[in-house]
Amino acid sequence: MITYSDGTTQPFSLAYSDWWTNSAASGGGVLVTLPYLNQPSGAQHNQVSLYADTVSLIPGKTIKYLTLPNVGTALINQTAMHVFAIAVG
């Protein structure tokens, strides 16, 4: 949920594919695909992807804060979303 400085709110939804699929969910895009991922035991040679998405804002309004969904504590083989960056501009 986006909350603007005037108290109005704007709901939004995000959908991401598993990083192993290397194919963005509808409406999103692949930011980068990497040839492997690092594990404590060394490189695991399987391509993985990071995804990007955009949310249109209400013109002329100033964002006060952003509320992201609570996906719980990420465990191995559990669905989770990791946000690495948020930008406005």
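A short tour of the structure in this document, coming up.

Calculation criteria
Residues numbered from 1 in each chain as written. Predicted model: local features only at pLDDT ≥ 70, side-chain atom pairs only at ≥ 80, totals over all residues. Heavy atoms only, no water. Helix = DSSP H or I, 4+ residues; strand = E, 2+ residues; numbered from the N terminus. Buried < 20%, exposed > 50% of the residue type's maximum accessible area, 1.4 Å probe, protein only. Contact = heavy atoms within 4.5 Å. Areas by Shrake-Rupley, 256 points an atom, 1.4 Å probe, with all protein chains shown as cover. Pairing = 2+ DSSP bridges. Polar contact = N/O pair within 3.5 Å; in protein donor to acceptor, adjacent residues only side chain to side chain. Salt bridge = Lys/Arg side-chain N within 4 Å of Asp/Glu carboxyl O.

This brings us to the overall build of the protein chain. Counting its regular elements, the protein chain contains 0 helices and 7 strands. Counted from the first residue to the last, the protein chain has its helices and strands arranged as β-β-β-β-β-β-β. For the protein chain, buried positions account for 10% of its 89 residues. Taking the contacts inside the protein chain whose residues are at least 6 apart along the sequence as the reference set, 50% of them involve residues at least 24 apart. Split by element, the accessible area of the protein chain, about 6900 Å² in all, is 55% carbon and sulfur.

We now examine the environment of Ser 56. Mapped onto the elements of the fold, Ser 56 is located in the loop between strand E6 (48-52) and strand E7 (63-66). Among the residues examined, Ser 56 registers a relative accessible area of 63% and is labelled exposed.

With antiparallel pairing, the 3 strands of this open sheet are ordered in space as E2-E1-E7. What marks the edges here is a single partner per strand, and that holds for strand E2 (9-10) and E7. For strand E1 (residues 2-4) and E7, the ladder comprises 3 bridges, and the chain directions are antiparallel. Counted as the bridge partner of Tyr 4 is Ile 63 from E7.

Topologically, Gln 10 is positioned in strand E2. On the basis of relative accessible area, Gln 10 is assigned to the buried category, the value being 13%. At a separation of 2.4 Å, a polar atom in the side chain of Gln 10 contacts the side chain of Tyr 4. Of note is the side chain of Gln 10, whose polar atom sits 2.7 Å from the backbone oxygen of Ser 56.

This part takes up the environment of Leu 68. Its place among the elements puts Leu 68 in the segment after E7. Considering only alpha carbons, one finds Leu 68 and Phe 12, 56 residues apart in sequence, at a separation of 9.6 Å. Other than its neighbours up to four places away in sequence, Leu 68 contacts Phe 12, Val 83 and Ile 86.

Relative to the helices and strands, Val 88 is located in the segment after E7. On a C-alpha basis, the gap between Val 88 and Ile 63 in space is 9.1 Å, while along the polypeptide they are 25 residues apart. If near-sequence neighbours (up to four positions away) are discounted, Val 88 is found in contact with Leu 57 and Ile 63.

Attention now goes to the pattern of salt bridges. Counting across every chain of the model gives 1 salt bridge. Measuring nitrogen to oxygen at the nearest pair gives 2.7 Å for the salt bridge that ties Lys 61 to Asp 6. Of the two residues, Lys 61 is situated in the loop between E6 and E7 and Asp 6 in the loop between E1 and E2; the sequence distance between them amounts to 55 residues. A residue is classified by how much of its surface remains accessible, and Lys 61, at 30% relative accessible area, is partly exposed.

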